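Residue-level structure breakdown
Each chain, written out:
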Amino acid sequence: MKIALTGHTSGIGKEFAELLKHEELKCFSRTNGYSIDNKEQRNKIILESKECDVFINNAFSDENPWAQTELLFDLWQEWRGLEKRIIVISSSNTHRWEKIMHGTRGIQYRTAKQSLENAAEQLWNESDWPLINIVAPTLMKIERTKHLKFGHHMDPKDLSEAIKKIIYERGHQTRKLIFNWWPNEQGK
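Anyway, here's the lowdown on the structure attached to this text. (Residues numbered from 1 in each chain as written. Predicted model: local features only at pLDDT ≥ 70, side-chain atom pairs only at ≥ 80, totals over all residues. Heavy atoms only, no water.)

1. Section: unusual backbone geometry
Following Trp-129, the chain continues to Pro-130 via a peptide bond in cis, the omega torsion being 0°. Of note, Pro-130 is situated in the loop between α4 (103-124) and β5 (131-136). (Helix = DSSP H or I, 4+ residues; strand = E, 2+ residues; numbered from the N terminus.)

2. So, the pattern of salt bridges
With the rule as written, the count across this model stands at 9 salt bridges. One salt bridge connects Asp-74 with Lys-39, and the closest N-O pair in it is separated by 3.1 Å. Taken as a pair, Asp-74 in helix α3 (residues 67-79) and Lys-39 in helix α2 (residues 39-48) lie far apart in primary sequence, 35 residues in all. Residue classification places Lys-39 among the partly exposed positions, given a relative accessible area of 45%. Close ionic contact of Arg-42 with Glu-70 constitutes a salt bridge, the shortest N to O distance being 3.1 Å. (Salt bridge = Lys/Arg side-chain N within 4 Å of Asp/Glu carboxyl O. Buried < 20%, exposed > 50% of the residue type's maximum accessible area, 1.4 Å probe, protein only.)

3. Regarding the environment of Tyr-34
With respect to the helices and strands, the residue Tyr-34 is situated in the loop between β2 (24-28) and α2. Overall, Tyr-34 belongs to the buried group, its relative accessible area being 11%. Taking the C-alpha atoms as reference points, Tyr-34 and Gly-7, separated by 27 residues in sequence, lie 9.3 Å from one another. If near-sequence neighbours (up to four positions away) are discounted, Tyr-34 is found in contact with Lys-26, Cys-27, Phe-28, Ser-29, Gln-41, Lys-44, Ile-45 and Glu-48. (Contact = heavy atoms within 4.5 Å.)

Structural data, given as structure tokens:
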């Protein structure tokens, strides 16, 4: 199985890369010269992923919040009709409002992830292949969010295991996987 992964050097992408290290894995991030921020860079990522069976669209860009959705459209155009799989990493915060999602940055992030999911759902109906899966994790236990004390933080290893199961499932048994963990009365 050949797998492409964006955003592999930190956060949940780092856990994906660790779990999938025994696969033929092609990783793309700013640290190794790739960015999803502009069309030229996205085209380079797609070109270098053409032999892959699965593409995990994980990287999010603060500079261009729509880049992840643009990458989905560009990749889907290239892979249309091919028996491949695209897994888009969204956020369960698109399905509810949390105290942590406030201000311009929070609204922009939430709106960009909603756009990503809407695009994926529209593309499901355009062709049978590639398969598209949406995975929407809750707040993750990663460096970027460790300062947030609200609610439960999901272990990235648990998310990585769920993604690995999706990679190897036949057909579309799982179209959308949302992890919603609500805090108890004490906010834990």
